[in-house]
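Structural features, examined
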Amino acid sequence: MEIPSKYNPQNAENRWYDYWMQHKYFHSTPDDREPYTIVIPPPNVTGVLHMGHMLNNTIQDLLTRRARMMGKNACWVPGMDHASIATEAKVVAKLKEEGVNKSDLTREEFLKHAWEWTDTYGGVILEQLKKLGCSCDWDRTAFTMDEERYASVIKVFVDLFNKGLIYRGYRMVNWDPEAQTTLSDEEVIYEEKQGLLYYLEYQIEGSDDKVTIATTRPETILGDTAICINPNDERFQHLKGKKAIVPICNRVIPIIEDDYVDIEFGTGCLKVTPAHDLNDKALGEKHKLETIDIFNADASLNSFGLHYEGKDRFVVRKEISKELEEIGVLAKTEQYLNKVGTSERTKAVIEPRLSDQWFLKMENLVKPAIKGVLATDDIKFFPKKFENTYRHWMENIRDWNISRQLWWGQQIPAYYFGDGQDDFVVAESIEDALKLAQEKSKNYALTTTDLKQDEDVLDTWFSSWLWPMSVFNGITQPDNAEVNYYYPTNDLVTGPDIIFFWVARMIISGYEYRDEKPFENVYFTGLVRDKQRRKMSKSLGNSPDALKLIEEYGADGVRVGLLLSSAAGNDLMFDEDLCQQGKNFANKIWNGFRLVKGWELADLPQPEASKKAIAWYQSKFNQTLAEIEDHFSKYRISDALMAIYRLVWDDYSSSLLEIIKPAYQQPIDKASFDQVIHILEQNLKLLHPFMPFLTEEVWQHTKERTPEEALIIAAWPKGGTINHDLIKGFEFANGVISGIRTIRKEKNIPMKETLEVAVLNEGKISADWDVVIQKLTKVSEISYVAAPVDGALSFRVKSNEYFIPISGTIDVAAEIAKIQEELKYTKGFLQSVEKKLSNERFVNNAPEQVIATERKKQADAEAKIETLEKSLASLE
């Protein structure tokens, strides 16, 4: 097979992905091997690939590929989330463009449009993940609204209802006026916003007296049904038992007393609006107050809004404040910084609203999930610090509002058969519901046409919390072979922002339905930010096009770029230059491979330098492999990549290949060639999970391979003997090589000119590495001397001193001046360090590590001064 002169990522990526798919390397079925299972955090069906997806899925892919190479039965399940709010909004917007309003359609008609939209636009992101190299078992692609997942959700709802854990309640909920649905507490983001505090005067009935209250929402006075004072507040004793008149609507309302009112806060008087504030609702129930809801579903005012009916709440706020000022009841306004709840999805300001909703009792459900993470270590978090976040959520949990006022989603399986509050049943099908309704009502004449299913759908998270089980049909068929084999899964890779939305809830459902954890390890990635630490977003224009990055740098280049800047749980400062670094790394590997394959072979004895270098590299490889395995065990993925990067770039490319490389137009011995090809193949195995396309391309070019010999299923390297003496020996030799190269560079001595080196071997270093030093520095001879050499340049490596006799090409006078200048600087530096170390206050108070660093600086400076003085004496 001809080796192209340049690596072409696009050609390799298309060719090898098709090859992997054709040979079904990604597909998994239960067998005798140990399973490795990972389920994708299902992206929204509306989504397109962004930097967060790229990072998350790169990590999932490399974990899957490594497990596959380790001989495990790797199964990475892909899928999508139906994303109720986001998808419904997209469909409604599309219909609007076509001149169709959702309100003009039946539920069935709307769902037909929603499915058409999903089939046309949904799933784009899964195709994009293939470009990244994701080795998912695409035959298993699941969707939270497909038949199996839908059935799982309905079954769980019915089961939890029958256990008494799901109930219907009239509660104050978080209402999103834009999406026109409720949200759970976790879907509300609180933002600090600058607003106004309005001081309003209410007339006391039958008196000229007035009472002042302060509110941030003057429009809600139209829903006021009381004013509340603290019974212990001396200022308002005269108001007890009296009534006040609400401005504009002139409603007469009681003045009630309650310890809830903080005497020190505001004016000490509180307006009570039970329909629009959670605390006011509690007061209203306690004091049996009327509840007046002034808002429509879209947060415009209804008929209780009087002449403001039909206007948006924020428009009314401006207009009503003017009216209140005009009628003389707006005493003053003040700037006020307020925490305002906004919808995570639509960014709309949340409206507290009373509504009939379905709730799931969480208090007892969470107990096994708390124990599994915080008590038994059954589930491990990486980084561990996120256990604190988890603890906070779980120990302060509230009942989960699971109903949403949407049509796209799993319709709540509650069926109504009468007008009474309890005239409903919950069942998996309308046929089952009919039987239950007949028994409950004792009316056996009821038919399915008498039943009306609840209009609401379930919260999207109510389907995705079952994901690790439902993708293996573990809810509808709890004893099937697949779920028994693949569950619990091994790793979950996700962001800390959904630790409660998704991670915690999956743990809860896993213990509830399988009495077992859903996964062993949770790896939290950080948020992808730009170099200025800003969160990436379309509005800031700082979020690069993921596919364009792949086009420019290759999928492997982008994967490396993302991982080089990513530490578990810490935000990633993305820099496109790192993708360029990834691309350069790919080119380095490719060019190194071409160099090796370009050598001519001959039946020659193996040079000592090559023997030594290959033995060293094998130990270095084994040492790095152990380091990589340790990093993987701690989910330090970025550190694992850096270890491989240094091994391949520094040790393999810059050292080993240079040592064994034959002289120009000379052949290489067969033993060295075969050994370096084996080493290359071992390197490719380590690199494959990180750079799958490049490594498969090189692997397939090394020799003809059958599909059974593809790199994707090659065996992960096994650890071997680490000869630490060899590693230390090379490190020392490398120091010598660097010293000689530095002198060549500084004195402009060309590489074609051979040098001689004399060694004052104070450290009793073995001469075994001399052949390697000579090969890499073009030194004709290394001699060992008993005393310093006069008239020579010198440098130190530990206690050994090396001398290079001056040739006629060096300007001695200039060299003396240069050394004198360096000596002067080093002595000045040493003086400043010694001054610091002689300061008792510094030595007594500074950390041990800081003092150790300063002492090392002192020792290094003293050694350098000694070497420079000897060089100077020699030259003079």
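Refer to the structure printed above.
Each chain has its residues counted from 1, running along the sequence as written. Where local features are concerned, this predicted model is filtered to residues with pLDDT of at least 70; where side-chain atom pairs are given and counted, the filter is 80 or more; whole-chain, interface and lining totals use all residues. The side-chain quantities take in all heavy atoms of the structure and omit both hydrogens and water.

Notes on the overall build of the protein
- Strands are runs of DSSP state E lasting at least 2 residues, helices are runs of H or I lasting at least 4, and numbering of each runs from the N terminus. When its secondary structure is counted, the protein shows 26 helices and 31 strands.
- The C-alpha atoms of the protein give 37 Å as radius of gyration, which overshoots the globular expectation for 876 residues (29 Å, by more than 25%).
- When the backbone C-alpha atoms are referred to their principal axes, the protein occupies close to 115 × 70 × 50 Å.
- Throughout, exposure labels follow a simple rule: accessible area from a 1.4 Å probe, protein chains only, divided by the maximum for the residue type, with under 20% read as buried, over 50% as exposed, and the rest as partly exposed. A total of 876 residues make up the protein; the buried ones form 53% of that total.
- What makes two residues a contact is simply this: any of their non-hydrogen atoms within 4.5 Å. Taking all contacts inside the protein whose residues are at least 6 apart in sequence as the whole, residues at least 24 apart take part in 77%.
- Total accessible area on the protein is roughly 40,300 Å²; 48% of this is exposed by carbon and sulfur atoms. For the radius of gyration, the atom set is restricted to C-alpha positions; the globular benchmark scales as 2.2 Å times the number of residues to the power 0.38. Accessible areas in this description were obtained via Shrake-Rupley with a 1.4 Å probe; residue shielding takes into account the shown protein chains only.

Re the packing of aromatic side chains
- Working definition: rings of Phe, Tyr and Trp (its six-membered ring) pair if their centres are within 6.5 Å, and the pair is stacked with planes under 30 degrees apart, edge-to-face with planes over 60 apart, and tilted otherwise. Inspection of every chain in the model, using the stated rule, returns 40 aromatic pairs.
- For the ring pair Trp358 and Phe424, a centre distance of 5.5 Å and an interplane angle of 90 degrees mean the geometry is edge-to-face. Note that Trp358 is positioned in strand E14 (residues 351-360) and Phe424 in strand E19 (residues 424-426), a separation of 66 residues in sequence. Both residues of the pair, Trp358 and Phe424, count as buried.
- When the centroid spacing of 5.9 Å and the interplanar angle of 75 degrees are considered together, the rings of Trp616 and Tyr617 count as edge-to-face.
- Taking relative accessible area as the criterion, Trp616 reaches 1% and is therefore assigned buried.
- With relative accessibility at 1%, the residue Tyr617 sits in the buried group.

Side note on the pairing of strand E22 (residues 489-494)
- Most of E22 is tucked away, with 6 of its 6 residues classed as buried.
- Only strands that DSSP links by at least two bridges are regarded as paired with each other. Relative to strand E23 (residues 519-524), E22 is paired through 5 bridges, and the arrangement is parallel. What sits directly across from Thr494, in E23, is Phe524.
- Whether a crossover is right-handed comes down to one check: with the strands pointing away from the viewer, does the path from the first strand over the helix to the second run clockwise; if it does, it is right-handed. Regarding topology, helix H15 (residues 499-514) serves as the crossover connection from E22 to the parallel E23, and that connection is right-handed.

Quick look at the pattern of salt bridges
- In the sections that follow, a salt bridge refers to a side-chain nitrogen of Lys or Arg positioned within 4 Å of a carboxyl oxygen of Asp or Glu. If you walk through the whole model with that rule in mind, you get 55 salt bridges.
- Among the salt bridges present, the one from Lys130 reaches Glu127, with a minimum N-O distance of 3.1 Å. Highlighted residues: Lys130 and Glu127, both in helix H5 (residues 124-132), separated by 3 residues, approximately one helical turn.
- Residue Arg217 is joined to Glu351 by a salt bridge in which the shortest nitrogen-to-oxygen separation is 2.7 Å. Taken as a pair, Arg217 in the loop between strand E8 (210-215) and strand E9 (226-229) and Glu351 in strand E14 lie far apart in primary sequence, 134 residues in all.
- With a relative accessible area of 18%, Arg217 lands in the buried category.
- Taken together, the shared-partner salt bridges connect Arg217, Glu219, Arg313, Arg317 and Glu351 into one network.

Comments concerning the sheet that holds strand E28 (residues 755-760)
- Pairing is mixed in the open sheet, where 4 strands are placed in the order E29-E28-E31-E30. Of all strands in the sheet, those with a lone pairing partner are strand E29 (779-785) and strand E30 (792-797), marking the two edges. If you compare each strand with its neighbour and ignore which way they point, the axes differ by 25 degrees on average.
- As paired strands, E28 and strand E31 (residues 800-805) are joined by 3 bridges and run antiparallel to one another. When the bridges of E31 are listed, Ala758 appears paired with Phe803. Axis definition: a line fit to C-alpha positions, over the contact stretch in the case of helices; interaxial angles, taken between N-to-C directions, run 0 to 180 degrees.

Some details on the nonpolar core
- Only buried residues count toward a nonpolar core. Its members are Ala, Val, Leu, Ile, Met, Phe, Trp, Tyr and Cys residues joined through side-chain atoms within 4.5 Å. With 201 residues, the main nonpolar core has Leu360, Phe381, Phe462, Tyr652, Leu656 and Phe690 as its most contacted residues.
- Ranked by residue count, the leading element in this core is helix H19 (residues 637-660), at 13 residues.
- Judged by nonpolar contacts, the second largest core, of 28 residues, contains Leu200, Val211, Leu239 and Ile294.

Observations regarding the sheet that holds E19
- Taken in spatial order, the 3 strands of this open sheet run E19-E18-E20, and their pairing is antiparallel. Bordering the open sheet on either side are E19 and strand E20 (452-453), each of which pairs with just one other strand.
- Relative to E19, helix H11 (residues 430-441) is tilted by about 135 degrees, and along the sheet it contacts strand E18 (414-416) and E19.

What about a negative patch on the surface?
- The patches reported here contain residues having more than 30% relative accessible area and no salt bridge. Joining distances are 9 Å for like charges and 5 Å for nonpolar side chains (Val, Leu, Ile, Met, Phe, Trp, Tyr). Counted charges follow a simple rule, with Lys and Arg positive, Asp and Glu negative, and His plus the chain ends left uncounted. To locate a charge, take atom NZ for lysine, CZ for arginine, CG for aspartate or CD for glutamate. Among the surface-exposed residues, Asp545, Glu551, Glu552, Glu576 and Asp577 lie close enough to one another that they form a single negatively charged patch.
- Mapped onto the elements, Glu552 comes out in helix H16 (residues 546-564).
- Owing to a relative accessible area of 45%, Glu552 belongs among the partly exposed residues under this scheme.

Details of empty space enclosed by the protein
- Lining residues are defined by having an atom within 4 Å of a point belonging to a cavity or pocket. Those points lie on a 1 Å grid over the protein atoms alone, cavities being sets where a 1.4 Å probe fits but cannot get out and pockets being open sets with protein on both sides within 12 Å along at least five of seven lines. Grid points are joined across faces, edges and corners, and a volume is the space filled by probe spheres set on the points. Evaluation of the coordinates by the stated rule reveals 2 cavities of 30 Å³ or more.
- As a volume, the largest cavity reaches approximately 100 Å³.
- Along its surface, the largest cavity is lined by 15 residues, and Ile765, Ser766, Asp770, Ile773 and Tyr802 are the ones closest to its centre.
- Those elements that provide at least two residues to the lining of the largest cavity are helix H22 (724-746), helix H23 (770-777), E29 and E31.
- No other element matches the 4 residues that H22 contributes to the lining of the largest cavity.
- Counted as a void, the second largest cavity has a volume near 50 Å³.
- As for the second largest cavity, its lining consists of Tyr7, Pro9, Glu13, Tyr553, Gly554, Ala555, Asp556, Gly557, Lys583, Ala586 and Asn587.
- Of all the secondary structure elements, the ones that give two or more residues to the lining of the second largest cavity are helix H1 (9-22), H16 and helix H17 (576-597).
- Counting residues per element, the lining of the second largest cavity draws most heavily on H16, at 5 residues.

Observations concerning the packing of H16 against H17
- Contact pair H16 / H17: the axes reach a minimum separation of 7 Å and the direction vectors enclose 100 degrees. Compared by their axis directions, H16 and H17 come out roughly perpendicular. Taking contact as the criterion, the partners of Leu549, Glu552, Tyr553, Gly557, Val558, Val560, Gly561 and Leu564 in H16 are, on H17, Glu576, Leu578, Cys579, Gln580, Gln581, Gly582 and Lys583.
- Residues belonging to the contact of H16 with H17 are distributed by class as follows: 7 nonpolar, 5 polar and 3 charged. Working rule for angles: under 35 degrees goes down as roughly parallel, over 145 as roughly antiparallel, 65 to 115 as roughly perpendicular, anything else as oblique. Charged residues are taken to be Asp, Glu, Lys and Arg, nonpolar residues to be Ala, Val, Leu, Ile, Met, Phe, Trp, Tyr, Cys and Pro, and polar residues to be all remaining types, Gly included.

Comments concerning helix H8 (residues 313-326)
- With 14 residues, H8 extends 20 Å between its outermost C-alpha atoms, agreeing within 8% with the 20 Å of an ideal straight helix rising 1.5 Å per residue.
- Taken together, the buried positions of H8 are Arg313, Val316, Arg317, Ile320, Ser321, Glu323 and Leu324. The buried residues of H8 all sit within an arc of 165 degrees when viewed along its axis, so they share a single face. Turned more than 90 degrees off the buried face of H8, the exposed positions are Lys318, Lys322, Glu325 and Glu326.
- At its buried positions, H8 is contacted by strand E7 (188-204), strand E13 (330-343) and E14.
- In the segment just after H8, Gly328 is the residue with positive phi, at about 80 degrees. Working rule for helices: expected span equals 1.5 Å times residues minus one. The arc in question is the one spanned by the directions pointing from the helix axis to the C-beta atoms.

Describing the environment of Asp479
- Tracing the sequence through the fold places Asp479 in the loop between helix H13 (467-470) and helix H14 (481-486).
- When its relative accessible area of 69% is taken as the criterion, Asp479 is described as exposed.
- Sequence-wise, Asp479 and His276 are 203 residues apart; in three dimensions their C-alpha atoms are separated by 48 Å.

Focus: the side chain of Thr346
- Mapping Thr346 onto the fold places it in the loop between E13 and E14.
- Thr346 gets classed as buried once you look at its relative accessible area, which sits at 18%.
- In this structure, Thr346 is in contact with Ile85, Asp176, Glu178 and Ala179, ignoring residues within four places of it in sequence.

With respect to the side chain of Asn73
- Examined against the element boundaries, Asn73 turns out to sit in strand E2 (residues 73-77).
- Of the polar contacts made by the side chain of Asn73, one reaches the backbone oxygen of Thr29; its length is 2.7 Å.
- Sequence-distant contacts of Asn73, that is, excluding residues within four places in its chain, are made with Ser28, Thr29, Pro30, Asp31, Arg33, Glu34, Pro35, Tyr36, Tyr485 and Tyr486. As used in this structure description, the phrase polar contact means that two N or O atoms lie within 3.5 Å; if the pair is within protein, one of them must be able to donate a hydrogen and the other to accept it, and residues adjacent in sequence are counted only when both atoms belong to side chains.

Quick look at H15
- With 14 of 16 residues buried, H15 is to be regarded as a mostly interior element.
- Just past H15, the residue Asp515 takes up positive phi, approximately 55 degrees.

Concerning the state of the cysteines
- By definition, disulfides here are pairs of cysteine sulfur atoms that lie within 2.5 Å. According to the stated counting rule, one finds 0 disulfides in the structure shown.
- For Cys136, which is in no disulfide, the shortest distance to another cysteine sulfur is to Cys134 and amounts to 5.3 Å.
- The buried category is assigned to Cys136, whose relative accessible area is 0%.
- Of all cysteine sulfurs, the one in Cys134 lies closest to Cys579, which takes part in no disulfide; the gap is 15 Å.

Purely spatial values, then, with no claim about function.
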